[in-house]
Structure formats: structure tokens, C-alpha cells
Amino acid sequence: MIDRELLEKEAMAEVCACWYYDLADTLYETPDSDLQAIVSHSHKCETCGH
């Protein structure tokens, strides 16, 4: 099982600048699967490509 706190920290470190504040505002309600996609870079930003 993945530690949610660690997953949140990793996602905040890996998220692009375009989504940083949106993720910060919704971090606690963001599903683990979305956070994992951010960390693994499988969720790409349409604006910056990161």
C-alpha cells in the first residue's frame, strides 16, 4: 500500500507549474490514481507538455 502523505508530497514535487495551485487546492480530494499519474508523468499537461 502506498503512503498517502508520501504520494501527496511526490505529486506536489512533480506537478507542472500550470497545475501546481489547482493541485494544492484539491490535494486532499484528489484520488490516489490521479496522484500516481502525476508522479509517473503519465498525465500530461496540454499547455506545457509536462
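Predicted model, so just to flag it, every value in this text is computed and none were measured. (Residues numbered from 1 in each chain as written. Predicted model: local features only at pLDDT ≥ 70, side-chain atom pairs only at ≥ 80, totals over all residues. Heavy atoms only, no water.)

K.L.:
So what exactly am I meant to see when it comes to the overall build of the protein here?
P.N.:
Assigned secondary structure in the protein consists of 3 helices and 0 strands. The secondary structure elements of the protein, listed N-terminal to C-terminal, are α-α-α. Against the globule reference of 10 Å for 50 residues, the protein gives a C-alpha radius of gyration of 10 Å, in line with a compact fold. For the protein, the spread of C-alpha atoms along the principal axes amounts to about 30 × 20 × 15 Å. Split into buried and exposed, the 50 residues of the protein put 26% on the buried side. Summarising the internal contacts of the protein: among those between residues at least 6 apart in sequence, 62% fall at separations of at least 24. On the protein, roughly 3,600 Å² of surface is accessible, and the fraction owed to carbon and sulfur atoms is 52%. (Helix = DSSP H or I, 4+ residues; strand = E, 2+ residues; numbered from the N terminus. Rg over C-alpha atoms; globule rule 2.2 N^0.38 Å. Buried < 20%, exposed > 50% of the residue type's maximum accessible area, 1.4 Å probe, protein only. Contact = heavy atoms within 4.5 Å. Areas by Shrake-Rupley, 256 points an atom, 1.4 Å probe, with all protein chains shown as cover.)

K.L.:
Could you clarify how one ought to interpret the confidence of the model for the protein in this entry?
P.N.:
For any part of a model where pLDDT is low, the fine detail of the predicted coordinates should not be relied upon. Residues at a pLDDT of 70 or more form 98% of the protein, whose mean pLDDT is 92. When mean pLDDT is taken per element in the protein, helix α2 (residues 20-26) scores highest with 96 and helix α3 (residues 32-39) scores lowest with 94. (pLDDT = per-residue confidence, 0-100.)

K.L.:
Is there a simple way to think about the packing of helix α1 (residues 4-14) against α3 in this case?
P.N.:
For any two helices packed against each other, the geometry comes down to the angle between their axes and how far apart the axes lie. Contact pair α1 / α3: the axes reach a minimum separation of 8 Å and the direction vectors enclose 45°. Taken together, α1 and α3 sit at an angle that is classed as oblique. Classified by chirality, the crossing of α3 by α1 is left-handed. Contacts between α1 and α3 involve Arg 4, Leu 7, Glu 8, Glu 10, Ala 11 and Glu 14 on the former and, on the latter, Asp 32, Leu 35, Gln 36, Ile 38 and Val 39. Residues that form the contact of α1 with α3 fall into these classes: 5 nonpolar, 1 polar and 5 charged. (Axes fitted to C-alpha atoms, helices over the stretch in contact; angles between N-to-C directions. Parallel < 35°, antiparallel > 145°, perpendicular 65-115°, else oblique. Left-handed = near helix turned anticlockwise from the far one by under 90°. Nonpolar A, V, L, I, M, F, W, Y, C, P; charged D, E, K, R; others polar.)

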